[in-house]
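Descriptive structure summary
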Amino acid sequence: MWVTPDGVLHYYISKTDAFSENGRLLKVGKASVRFTPNVLAGENFKQELDLESGIIKISTDQVNLRFYVDANNPIIVVTGESKTPVKIEVNYDGWRNKRRELSDKEM
């Protein structure tokens, strides 16, 4: 998970049983979360991983976010508070949506 300078939060999605035709464990997609206005471009940007709770915390002078994966359900959670009203747009880009032939190098 990372935040780009334009204030978009990105993260990859994977599962422990998302294997390719070749037996490799793959990511199944990528999600992005855009905030309007860009509250992640504020002063005092901080991103930290709380190892005890497994929560990623992101904060600026405008917003406090928490990101975690539910260990008992297939759920990714992003919660937070903002000092100003924020419009949130979430996009998902699925990567494994059709079968494909492996090249000789991949075999």
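Refer to the structure presented above.
Residues numbered from 1 in each chain as written. Predicted model: local features only at pLDDT ≥ 70, side-chain atom pairs only at ≥ 80, totals over all residues. Heavy atoms only, no water.

Now for the packing of aromatic side chains. Per the counting criterion, the structure on display carries 2 aromatic pairs. Here Trp 2 and Tyr 12 contribute two aromatic rings whose centre-to-centre distance is 5.2 Å and whose plane-to-plane angle is 50 degrees, an arrangement assigned as tilted. Taken together, the residues span a long stretch of sequence, with Trp 2 in strand β1 (residues 2–3) and Tyr 12 in strand β2 (residues 8–19) at a distance of 10 residues. You can call Trp 2 partly exposed: its relative accessible area is 29%. Its relative accessible area of 42% is what places Tyr 12 among the partly exposed residues. (Phe/Tyr/Trp six-rings, centres within 6.5 Å; stacked < 30°, edge-to-face > 60°. Helix = DSSP H or I, 4+ residues; strand = E, 2+ residues; numbered from the N terminus. Buried < 20%, exposed > 50% of the residue type's maximum accessible area, 1.4 Å probe, protein only.)

Turning next to the pairing of β2. Relative to β2, β1 runs antiparallel, the two sharing 2 bridges. By the bridge assignment for β2, Val 3 is matched with Leu 9. Once β1 ends, the chain turns through 4 residues before running back antiparallel as β2, passing Gly 7 with a positive phi of about 85 degrees. Note: β2 against strand β3 (residues 25–36), 8 bridges, orientation antiparallel. By the bridge assignment, Phe 19 is partnered in β3 with Leu 25. (Pairing = 2+ DSSP bridges.)

If you trace the 4 strands from one edge of the open sheet to the other, you get β1-β2-β3-β8, paired in antiparallel fashion. The two strands at the open ends of the sheet, each matched to only one other strand, are β1 and β8 (87–94).

A few words on the side chain of His 10. Here His 10 is to be found in strand β2. One polar contact links His 10 to Lys 30, side chain to side chain, over a distance of 3.1 Å. Once you skip the residues sitting within four places of it in the chain, His 10 turns out to touch Met 1, Trp 2, Thr 4, Lys 30, Ala 31 and Ser 32. (Polar contact = N/O pair within 3.5 Å; in protein donor to acceptor, adjacent residues only side chain to side chain. Contact = heavy atoms within 4.5 Å.)

This paragraph deals with the pattern of salt bridges. This model, assessed by the stated rule, comprises 3 salt bridges. Between Lys 46 and Glu 48 there is a salt bridge, and its shortest N-O distance comes to 3.9 Å. For Glu 48, a relative accessible area of 36% puts it in the partly exposed group. The closest approach of N and O atoms between Asp 50 and Lys 57, which form a salt bridge, is 3.5 Å. (Salt bridge = Lys/Arg side-chain N within 4 Å of Asp/Glu carboxyl O.)

Moving on to the side chain of Ser 59. Assignment of secondary structure puts Ser 59 in strand β5 (residues 55–59). Look past the residues within four positions of Ser 59 in its chain and what remains in contact with it is Asn 44, Phe 45, Lys 46 and Asn 64.

It is worth stressing that arrangement in space is one thing and function is another; only the former is reported here.
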